[in-house]
Amino acid sequence: MIKDRGNIKWASMMLPEHLELLRAYKQTEDIEPPRELTDWELEELQQTINQAYNQQSDVKLEVWMDSKTMQWNGLIKSINFNTNELILDTLIKTIRIPLQHVQSAQLDADYYD
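Residues numbered from 1 in each chain as written. Predicted model: local features only at pLDDT ≥ 70, side-chain atom pairs only at ≥ 80, totals over all residues. Heavy atoms only, no water.

## So, the pairing of strand S4 (residues 94-98)
(1) Moving on: Side chains of S4 alternate between two faces, with Ile95 and Ile97 buried and Thr94, Arg96 and Pro98 left unburied.
(2) Moving on: Two strands pair when backbone bridges link them, and strand S3 (residues 85-89) and S4 are joined in this way by five bridges, in the antiparallel orientation. What sits directly across from leucine 86, in S4, is isoleucine 97.
(3) Moving on: In textbook terms, the turn of a hairpin is the stretch between consecutive antiparallel strands, and for S3 and S4 this stretch comprises four residues. (Buried < 20%, exposed > 50% of the residue type's maximum accessible area, 1.4 Å probe, protein only. Helix = DSSP H or I, 4+ residues; strand = E, 2+ residues; numbered from the N terminus. Pairing = 2+ DSSP bridges.)

## Regarding the sheet that holds S3
(1) Moving on: The strand order across the open sheet formed by five strands is S4-S3-S2-S1-S5, and the pairing between neighbours is antiparallel. Both edges of this open sheet fall to S4 and strand S5 (102-107), since each of them pairs with a single strand only. On average, each strand axis in the sheet is tilted by 45° relative to the strand beside it, whichever way the strands run.
(2) Moving on: Looking at chain direction, strand S1 (residues 59-65) and strand S2 (residues 68-80) are connected through seven bridges and run antiparallel. Residue pairing in the sheet places valine 59 in a bridge with glycine 74 of S2.
(3) Moving on: Sheet contacts for helix H2 (residues 39-55): S1, S2, S3 and S5; angle to S5, the most-contacted strand, approximately 50°. (Axes fitted to C-alpha atoms, helices over the stretch in contact; angles between N-to-C directions. Contact = heavy atoms within 4.5 Å.)

## Examining H2
The α-helix winds at 3.6 residues per turn, so residues separated by three or four positions along the chain end up facing the same way.
(1) Moving on: Over its 17 residues, H2 runs 24 Å from end to end, which matches the ideal 24 Å to within 8%, given 1.5 Å per residue.
(2) Moving on: Every buried residue of H2 is listed here: Leu45, Thr48, Ile49 and Ala52. Take H2 and look down its axis: the buried residues cluster within an arc of 95°, on one side only. Away from the buried face of H2 by more than 90 degrees, exposed residues Asp39, Trp40, Asn54 and Gln55 are located.
(3) Moving on: Of the surrounding secondary structure, the elements contacted by the buried residues of H2 are S1, S2, S3 and S5. (Expected span 1.5 Å × (residues − 1). Arc of directions from axis to C-beta.)

## Comments concerning the nonpolar core
(1) Moving on: With 18 residues, the main nonpolar core has Ile49, Leu61, Ile76, Leu86, Leu88 and Ile97 as its most contacted residues.
(2) Moving on: Listing elements by their share of this core, those giving two or more residues are H2, S1, S2, S3, S4 and S5.
(3) Moving on: Element by element, the count of residues in this core is highest for S1, at four residues.
(4) Moving on: Aside from chain neighbours lying at most four places away, what touches leucine 88 is Val59, Leu61, Trp72, Asn73, Gly74, Leu75, Ile76, Lys93, Thr94, Ile95 and Ile97. (Core = buried A, V, L, I, M, F, W, Y, C linked by side-chain atoms within 4.5 Å.)

## A closer look at the side chain of threonine 90
(1) Moving on: Here threonine 90 is to be found in the loop between S3 and S4.
(2) Moving on: Classification of threonine 90 by relative accessible area gives buried; the value is 14%.
(3) Moving on: Not counting residues within four places of it along the chain, the set of residues in contact with threonine 90 comprises Trp72, Asn73, Gly74 and Ile95.

In structure tokens:
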């Protein structure tokens, strides 16, 4: 099998302008748009977040931030409907997450199966 080093083998022959364009291209390539949720998914998401908040149980959230999906685990401390965000208390820090950025939610008991 041939081991190809990709652009590394051509780097000495590339102009600095080409390298800048390649870096910019790689950054735009990694951007993914947020997924549109259906009505069923939004209703299930709302029920799961309410259940996690009311029972004060751990929840795993998939959040779309900075053009990529991130996962956070923790307790939902509060839900602010005026600013449309929830406050998630993780092991390391407390995070404010806009509700429209939440893609999915799963209770602690569900993701250990």
